[in-house]
Amino acid sequence: MAKVSDRMLWIESEGRVQFSWQWTALPKWRTSPELLRLENQLSLFKCSGKSVDEWVWKLCGSGIYSTKSLIEFLNSTVVTHAEPTIRNNLLPQKVGILMWRASQNKLPVRSELDRRGIDLDSVRCPVCNDDIESTNHTFIHCKTASDIWDRIFKWWNLNSTVFADITELTKGSNSQINTTTGISIWQAIVWVTSYYIWKNRNDHVFNKSRLCNAKIVSEIQIKSFEWISSKLKYGCLDWHNWLANPRKFDANPPSKEGIG
Ligand SMILES: [Zn+2]
């Protein structure tokens, strides 16, 4: 591995540094002006080349990394300002974490990566290429997501509606569902659907694979049945009813047991 001093040659006669980066891929977009700024800042810095390059952990006086110093730093800066987490007790924690990240605009959709200064070839939606990839687009307006939602509403015999934004989606309420159990289960369905929309997006980006929408909905039905029936304490869901009439709870609400 090259040392910084290998890339910075001090030109004694001119009293300045000459850079020799030896790129394998040339810097482009925003990186170019950032590199120029860095070169300007370093231009008068004389690197001896005698000492070994090393990492310095600035949070400790010793310059050596310690987990304790990192935890103290995170507790004093990040954790105290973090939004409270959310969860639906019928689902594994990972689904709640995804929804929390989505609601906080913390998922690495392309518009967010771009906003954070990461150079990308395109900020358009990798699934449909019709619009900028934002959180709202990915989960609500993308034509794949929109078609999946239509199928889910149809399965639940609900009027098809478009969520106003990711906050409303995360809330996962519906005026046609008003029993305690129904509300929890419908929110779980909205979250599992979002989970699969995000999974499909990532499969497309990273594995160049994707399922047809009907197959995705089928996976949502299977996985939500598996997760929810394992968490409901008052009895098992019936698979055939689940497919044919998942809102049976509305007509005959069980006790609140198991719903939190
Ligand atoms: Zn799209």
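Refer to the preceding data block for the structure.
Scoring rules and cut-offs
Residues numbered from 1 in each chain as written. Predicted model: local features only at pLDDT ≥ 70, side-chain atom pairs only at ≥ 80, totals over all residues. Heavy atoms only, no water. Salt bridge = Lys/Arg side-chain N within 4 Å of Asp/Glu carboxyl O. Helix = DSSP H or I, 4+ residues; strand = E, 2+ residues; numbered from the N terminus. Buried < 20%, exposed > 50% of the residue type's maximum accessible area, 1.4 Å probe, protein only.

Asks: Talk me through the pattern of salt bridges; I want residue IDs and the actual numbers.
Replies: Evaluated as defined, the whole model comprises eight salt bridges. For arginine 201, the salt bridge goes to glutamate 133, with nearest N and O atoms at 2.7 Å. With arginine 201 in helix 9 (residues 180–207) and glutamate 133 in the loop between helix 5 (110–115) and helix 6 (135–141), the pair connects residues that are 68 residues apart, well separated along the chain. Judged by relative accessible area, which is 5%, arginine 201 ranks as buried. With a closest N to O distance of 2.8 Å, arginine 151 and aspartate 147 form a salt bridge. Taken as a pair, arginine 151 and aspartate 147 lie in helix 7 (residues 143–155) at a separation of four residues, close to a single helical turn. On the accessibility criterion, arginine 151 (35% relative accessible area) is partly exposed. Take aspartate 147: its relative accessible area is 26%, and that puts it in the partly exposed class. Each of the salt bridges in this network shares a partner with another, and the network as a whole consists of Glu112, Arg115 and Arg116.

Asks: Can you lay out unusual backbone geometry for me, pointing to particular residues and giving the numbers?
Replies: With the exception of glycine, most residues fall at negative phi, and the peptide bonds are largely trans. For glutamine 22, which is not glycine, the phi torsion reads 55 degrees and is therefore positive. By the element assignment, glutamine 22 lies in the loop between strand 2 (16–19) and helix 2 (31–42). Note on glutamine 22: relative accessible area 59%, which makes it exposed.

Purely geometric stuff here, so don't read any function into it on its own.
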